[in-house]
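# Summary of structural features
Chain by chain, the residues:
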Amino acid sequence: MTSPVWHPFTQHGLNEPIPHVVRAEGATLHLADGSSLIDGISSWWVTTHGHCHPRIAAAIARQAGQLDQLIFAGYTHEPAEAVARGLVDLMPQVPGRDRLAHVFFSDSGSTAVEVALKMALGYWHNRALDGLDEARSRILVLEHSYHGDTIGAMSIGERGVYNAAWTPLLFDVGTIPFPHPDREQEALAALAAACAQQPAAFIVEPLILGAGGMLTYPPHMLRAMADICARHDVLFIADEVMTGWGRTGTLFACEQAGVAPDIMAVAKGITGGAIPLAATLATPRIFEAHRSTDRARLFYHSSSYTANAIACAAAAENLAIWREEDVRGRIDALVRGIADRLASLAGHPAFANPRQLGTIMAIDLLAADAGYLSDLAPRLRAFFLERGLLLRPLGNTIYLMPPYCIDAQQLDSVFAALVAAGDRFGMSS
């Protein structure tokens, strides 16, 4: 019988196989046919400690029998309070900069970004109402960015075939050139010029662009961009949805640049990848611009499942794991393991531009049909599936972002498959 399920980022007209996963543990997915896969991309970048982590699963079970869901408009519960306190404690601190001290919950990376945009625009709107500033509404973005698939998130992301159908709904933004090594000063000059026009905010994926091709840029550029925004009093928004929770080698990517943003969006690994939850953190001045005795000036945003108690229980346990276990040690070991194997792969003539940022690795396959819409990525996915791997290349960019529990043997299997893919599909440089 044909499944009624409509899958995301899937062209059903191609009739590609859709594996049926029945259970998971650690870095392994078990399929209905008895085979298994190594999850090389953390099931879309969310799973940190491993699938079905016993502590997180137990926390979910306990909470499900105590309090499952509560309206969060005017009510609260301990799991949410614990997560909010824990998040604030973890936020980067920079001398002379306000700390992120207020937490607004939502349920996905896209919505966390939408909340960040609404916070920024609300801040300037309310400042204008008080006669303190001119109203500001323009958003600056970094070239090639991706921030999600809701309307606001699409508006601030790269334009292309993946959002062309919804162009009439997207608002205009100012785009800053990506700071490639030979374009750093061009990017900074463009940002300074744009900030001089008093936009509301500049949003970035810190240090690495995810869906934009795993493009990396150095911490000094992130710091320089944040400094430009500070000089012009432009709100600096860090989208740490993908980069947070250790992916770049530090808990949050902003730490590597000594940056404390005005607003930060976090999601994906916030629950260890077990259940949806997201949060947007803001500095006191953003919060205070919305706090008033006037009910008309409250922050108008919510969803039915804001701060769901079960999801918050999972997040609270995830925070406890970070406090109590040697997660950073596991990350450091994984960083070294990837680096050692990437060094050997980098000499393969079918590959170019090997790069690593923490636990994230990417490399470009030299192929004749390397475009985003070519059939190269689907053929690569099928090739890896046959070899027991869940990998999802971005065009000709093959990347790895595994759970921190992946072992040496599994890593060896992944890199052996990458070599085989280069032999099969690549062309010599």
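Notes on the structure in this doc start here. (Residues numbered from 1 in each chain as written. Predicted model: local features only at pLDDT ≥ 70, side-chain atom pairs only at ≥ 80, totals over all residues. Heavy atoms only, no water.)

The next point concerns the nonpolar core. Judged by nonpolar contacts, the single largest core of 94 residues is most densely connected at F202 and F384. Residues lining this core come from more than one domain, with at least three contributed by each of domain 1 (12–52 + 327–425) and domain 2 (67–324). Ignoring sequence-local partners within four residues, the contact set of F202 consists of L140, V141, L142, I176, L191, M225, C229, V234, L235, F236 and I237. If you look at the next biggest cluster of nonpolar residues, it comprises 29 residues, including F104, A112, L235 and V241. (Core = buried A, V, L, I, M, F, W, Y, C linked by side-chain atoms within 4.5 Å. Buried < 20%, exposed > 50% of the residue type's maximum accessible area, 1.4 Å probe, protein only. Domains from an automatic or database assignment. Contact = heavy atoms within 4.5 Å.)

With that settled, the discussion passes to the pattern of salt bridges. Within the structure shown, the criterion is met by 22 salt bridges. R55 is the salt-bridge partner of E317, the closest N and O atoms lying 2.8 Å from each other. Here R55 lies in helix α2 (residues 54–64) and E317 lies in helix α9 (residues 309–324), a separation of 262 residues in the sequence. When its relative accessible area of 15% is taken as the criterion, E317 is described as buried. (Salt bridge = Lys/Arg side-chain N within 4 Å of Asp/Glu carboxyl O. Helix = DSSP H or I, 4+ residues; strand = E, 2+ residues; numbered from the N terminus.)

It is worth spelling out helix α6 (residues 184–195) at this point. An α-helix turns once every 3.6 residues. As a result, residues three or four positions apart point the same way. Along its 12 residues, α6 runs 17 Å from first to last C-alpha, staying within 8% of the 16 Å computed at 1.5 Å per residue. Within α6, burial applies to E184, A187, L188, L191, A194 and C195. The buried side chains of α6 occupy one side of the element, clustering within an arc of 130° when seen end-on. Buried residues along α6 sit against β5 (139–142), β6 (174–176), β7 (201–204) and α7 (219–231). (Expected span 1.5 Å × (residues − 1). Arc of directions from axis to C-beta.)

By way of backbone hydrogen bonds, the strands of a sheet pair with one another, either parallel or antiparallel. An order of β1-β2-β3-β15 is seen for the four strands of this open sheet, with the pairing classed as mixed. Two strands bound the open sheet, and with one partner strand each, they are β1 (21–25) and β15 (389–390). Pairing of β1 with strand β2 (residues 28–31) involves four bridges; the strand directions are antiparallel. Considered in β2, the bridge of R23 is made with H30. (Pairing = 2+ DSSP bridges.)

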